[in-house]
Amino acid sequence: MLIKRETGFLQRFYLLEVMKGLFITTKNWLFSKNITIQYPEQRRKYSPLFRGQHYIKTTNGVENCTACMLCPTVCPADCIHIEAGERADKEKFPVRFEIDILRCCFCGYCEEACPKDAIKLSGIYEMADYERRVYDKNFLLIQRGSK
Ligand code: SF4
Ligand code: SF4
């Protein structure tokens, strides 16, 4: 539907509207605080609830994951793929643990479902890449720390 706007008498003198615009720009320039930052030297502090790049937590250098398959079961994007193996000392372990990060929607269900506090989402948000990435176990074992 076409909306027809009436131009007022004073608006027809465009100089007045230009002056108004300049006034608003100058006011913002002089009095408003900066909303941009000098990235990457400066970084914003994100909420502790932020969900970024995954990692698998380790204890004494051994992954906490016991390949229970709960995380691939709850993952709505079907992007976690695990191959379980037997370990002589105790529980199972993931021989292969992969996350197809392009499919991941960072819902955090995997982290919530994990009974071993193994799969974590860190505060890292710089995940841009030149090619499609599948995070393998070696990559996921790099400890990325908390948010
Ligand atoms: S954050 Fe969500 S979508 Fe991503 S791997 Fe975990 S469960 Fe799957
Ligand atoms: S839920 Fe935890 S322990 Fe189970 S397979 Fe996933 S990361 Fe491993």
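These remarks concern the structure in this document.

The rules we used
Residues numbered from 1 in each chain as written. Chains lettered and ligands numbered in written order. Predicted model: local features only at pLDDT ≥ 70, side-chain atom pairs only at ≥ 80, totals over all residues. Heavy atoms only, no water. Helix = DSSP H or I, 4+ residues; strand = E, 2+ residues; numbered from the N terminus. Rg over C-alpha atoms; globule rule 2.2 N^0.38 Å. Contact = heavy atoms within 4.5 Å. Areas by Shrake-Rupley, 256 points an atom, 1.4 Å probe, with all protein chains shown as cover. Lys, Arg positive; Asp, Glu negative; His and termini not counted. Charge placed at Lys NZ, Arg CZ, Asp CG, Glu CD. Buried < 20%, exposed > 50% of the residue type's maximum accessible area, 1.4 Å probe, protein only. Polar contact = N/O pair within 3.5 Å; in protein donor to acceptor, adjacent residues only side chain to side chain. 1 Å grid on protein atoms, 1.4 Å probe; cavity = no way out; pocket = protein on both sides within 12 Å on 5 of 7 lines; lining within 4 Å. Points joined across faces, edges and corners; volume = space filled by probe spheres on them. Near = heavy atom within 4 Å. Nonpolar A, V, L, I, M, F, W, Y, C, P; charged D, E, K, R; others polar.

**So, the overall build of the protein chain**
In terms of helices and strands, the protein chain carries four helices and seven strands. Walking the protein chain from its N terminus toward its C terminus, one meets helices and strands in the order α-β-β-β-α-β-β-α-β-β-α. Here the C-alpha atoms of the protein chain give a radius of gyration of 26 Å, more than 25% beyond the 15 Å that 2.2 N^0.38 yields for 147 residues. In terms of its C-alpha atoms, the protein chain occupies a principal-axis envelope of roughly 85 × 40 × 30 Å. Looking at the protein chain alone, contacts between residues at least 24 apart form 68% of all its contacts between residues at least 6 apart. About 11300 Å² of surface is accessible on the protein chain, with carbon and sulfur atoms providing 57% of the total. Averaging the coordinates of the 23 positive side-chain charges in the protein chain and doing the same for the 18 negative ones gives two points 10 Å apart.

**Looking at the side chain of Thr66**
Turning to its location among the elements, Thr66 is positioned in the loop between strand E3 (62-63) and helix H2 (70-74). Setting aside residues no more than four positions away along its own chain, Thr66 makes contact with Glu91, Lys92, Phe93 and Lys116.

**Some thoughts on the environment of Gln143**
Of note, Gln143 is situated in the segment after helix H4 (137-140). Accessibility expressed as a relative area gives 39% for Gln143, which makes it partly exposed. Separated by 119 residues in the primary sequence, Gln143 and Ile24 have C-alpha atoms spaced 48 Å apart. Every residue in contact with Gln143, bar those within four places of it in the chain, is listed here: Tyr55, Ile56, Lys57 and Thr58. For Gln143, the side chain forms a polar contact with the main-chain oxygen of Ile56, separated by 2.7 Å. Within the structure, the side chain of Gln143 is placed 2.9 Å from the backbone oxygen of Leu141, a separation counted as a polar contact.

**Observations concerning the side chain of Asn64**
With respect to the element layout, Asn64 can be found in the loop between E3 and H2. Those residues in contact with Asn64 that sit more than four places away from it in its chain are Lys57, Thr58, Thr59, Lys116, Asp117 and Ala118.

**As for the layout of surface pockets**
Of the volumes computed, that of the largest pocket is approximately 160 Å³. Considering the residues around the largest pocket, the lining is formed by Gln53, Ile101, Leu102, Phe106, Glu126, Met127, Ala128, Asp129, Glu131, Arg132, Arg133 and Tyr135.

**Remarks on the site of ligand 1**
In the vicinity of ligand 1, 13 residues are found, and the nearest of them are Cys75, Cys104, Cys107, Gly108 and Cys110. In the shell around ligand 1, the residues fall into eleven nonpolar, two polar and no charged.

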